[in-house]
Amino acid sequence: METKLWNLKKNEPLAPQLIEAAALLAGGEVVAFPTETVYGLGADGLNPDACRKIFAAKGRPADNPLILHICEMDQILQLTSGLTPLAKKLMEAFWPGPMTLIVHKSDRIPDVVTAGLDTVAVRFPVHTVARELIRQAGTPIAAPSANKSGKPSPTNAADVLQDMDGIIAGVVDGGACDIGVESTIIDTTGPEAVILRPGGITLEMVSKVLGSVKLDPGLVKKDETPRAPGMKYRHYAPKAPMVLIEGPEASLGVIRAAVMAEASGLRTGVLALAGTVDHLPRSPRLIVHNGGSTLEELAENLFRELRLFDREQVDTIIGEGVDDTDLGLAIMNRMRKSAGHNILWAENGLLRRKSGHVPDYLKDFVVQ
Ligand code: TXA
Ligand code: MG
């Protein structure tokens, strides 16, 4: 199949530019589009055959439900059998925006969308392209991230095409995504709000509105299954093995690890904060990516930089961790998965093993 690409021209009215893409969506085809978080792989969320095409394009397991995207607040009413007061509070505080709510589903929703669950995930994005496209398609749009299952989510149209060219009907190119990590998923069906996936709306922001919020234990504990089915998969994984360095001296730890990896002859990818990048030696074997100097910048850059390592064919990757606070929680949730939970802890001049494997080039340096 030929994949169409629509380059949206800035300063031109959106509606005419989106007619063809919206018509394809309404006709049951799959079209990728930008949101403020990551690019989505959209299809008519009330058409089971169209939704099945999403699963096929991504190679997504059928037990992993989809998010339905809406273009105005009230559209959620046709998708749910009833909203809890918790849901209403969160909608008022954070919609439109990077937050997905789990609510009780209505009978209209095909089973393929919810993977047979009696709840459904609903999101009202703030991105004007996403909203206009949904409006013109005239139906809620089911959309997972537009990557092949297991790859980091795409945050620009070129990264979407890398995974989906020839496989889907089209890609709407609306430039790079602002936030860069996927939406915060919050289950509102129980007595207490539970964050199933950390994202752009932080735990701290939700706590302020609700007074309290829980984090799904499956996100932190190894032996518990996460409640969002998709969170159990190894995700966001670049091809080369990756080690993540966390702790108060993460920056120093990254520099030491990078020097050792390079010295052992490996083509070494490093994803670090600006302050660390400045102190890394220059070498043709060190492929250094600057994640930025704030959490916002790191989130925005993270997936694009991780995907680049695949194209650069590095042998090994070293990542710099940040604190689990604010946007750091969402970033670290993705980075730990990218690293397959191979994590070292840097403190007091030492590198200790926190979890997973220690790379060979560091075996003599790491305290087990
Ligand atoms: O920012 C985002 O949320 C992006 C953009 C495109 O909107 N979408 C996205 O979709 O990240 P996806 O499919 O990659 O992630 C959806 C997650 C999966 O982990 C899935 O298991 C979970 O939401 N999910 C969907 N329906 C659910 C439900 N009823 N209960 C629990 N988790 C659910
Ligand atoms: Mg995804």
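Everything numeric in this text was worked out from a predicted model, so none of it was measured.

Asks: Explain the site of ligand 1 residue by residue, including any values.
Replies: Residues in close proximity to ligand 1 total 29 residues, the closest being T37, N64, H69, S183 and G230. In this structure, an oxygen atom belonging to ligand 1 sits 2.6 Å away from a side-chain N or O atom of N64. At 2.9 Å from an oxygen atom of ligand 1 is found a side-chain nitrogen or oxygen belonging to R123. Across the complex, the protein chains shield 97% of the 690 Å² of accessible surface that ligand 1 would expose by itself.

Asks: An account of the side chain of S355 is needed here, citing residue identities and associated values.
Replies: Its location among the elements puts S355 in strand β18 (residues 350–355). A distance of 2.8 Å separates a polar atom in the side chain of S355 from the backbone oxygen of H341. Residues in contact with S355, not counting those within four places in the same chain, are K222, H341, N342 and I343.

Asks: Could you give an account of the pattern of salt bridges, with specific residues and numbers?
Replies: Counting across every chain of the model gives 20 salt bridges. The partner of E192 in a salt bridge is K214, with the nearest N and O atoms 3.9 Å apart. Residue E192 is located in the loop between β10 (184–187) and β11 (194–197), and its partner K214 is located in strand β12 (residues 214–215); the two are separated by 22 residues in the primary sequence. K214 gets classed as partly exposed once you look at its relative accessible area, which sits at 41%. The residue R336 makes a salt bridge to D324 at a minimum N-O spacing of 3.0 Å. With a gap of 12 residues between them, R336 in helix α13 (residues 327–338) and D324 in the loop between β16 (316–320) and α13 connect regions that are remote in the sequence.

Asks: How would you sum up the nonpolar core? Please name residues and give values.
Replies: In terms of nonpolar packing, the biggest core is built from 46 residues, with L41, W95 and L101 touching the most fellow members. The set of elements that each furnish at least two residues to this core consists of β3 (40–44), α3 (48–58), α4 (85–94), β6 (99–105), α5 (111–114), β7 (119–123), α7 (157–164) and α8 (203–210). Residue contacts for L101: discarding those within four places in its chain leaves A87, L90, M91, W95, V120, A121, V122, I186 and T188. Core analysis: the next-biggest nonpolar cluster, separate from the first, contains 25 residues, A299, V322, A339 and I343 among them.

Asks: Could you give me a rundown of the sheet that holds strand β19 (residues 366–367), with the residues and numbers involved?
Replies: Read across the sheet, seven strands follow the order β15-β14-β16-β13-β17-β18-β19 without closing on themselves; strand pairing throughout is mixed. Since the sheet does not close on itself, it has two edges, and those belong to β15 (286–290) and β19, each with one partner. In the sheet, strand β17 (residues 343–347) pairs with β18 via five bridges, with the strands oriented antiparallel. By the bridge assignment for β18, A346 is matched with L351.

Asks: I'd like a rundown of the packing of helix α12 (residues 295–312) against α13, residues and numbers included.
Replies: For any two helices packed against each other, the geometry is given by the interaxial angle and the distance between the axes. At a closest axis distance of 9 Å, the pairing of α12 and α13 adopts a crossing angle of 20 degrees. Overall, the two elements α12 and α13 adopt an arrangement that is roughly parallel. Note on packing geometry: the crossing formed by α12 with α13 is left-handed. Residues L295, E296, L298, A299, L302, F303 and L306 of α12 pack against L327, G328, I331, R334, M335 and S338 of α13.

Conventions adopted
- Residues numbered from 1 in each chain as written.
- Chains lettered and ligands numbered in written order.
- Predicted model: local features only at pLDDT ≥ 70, side-chain atom pairs only at ≥ 80, totals over all residues.
- Heavy atoms only, no water.
- Near = heavy atom within 4 Å.
- Polar contact = N/O pair within 3.5 Å; in protein donor to acceptor, adjacent residues only side chain to side chain.
- Areas by Shrake-Rupley, 256 points an atom, 1.4 Å probe, with all protein chains shown as cover.
- Helix = DSSP H or I, 4+ residues; strand = E, 2+ residues; numbered from the N terminus.
- Contact = heavy atoms within 4.5 Å.
- Salt bridge = Lys/Arg side-chain N within 4 Å of Asp/Glu carboxyl O.
- Buried < 20%, exposed > 50% of the residue type's maximum accessible area, 1.4 Å probe, protein only.
- Core = buried A, V, L, I, M, F, W, Y, C linked by side-chain atoms within 4.5 Å.
- Pairing = 2+ DSSP bridges.
- Axes fitted to C-alpha atoms, helices over the stretch in contact; angles between N-to-C directions.
- Parallel < 35°, antiparallel > 145°, perpendicular 65-115°, else oblique.
- Left-handed = near helix turned anticlockwise from the far one by under 90°.

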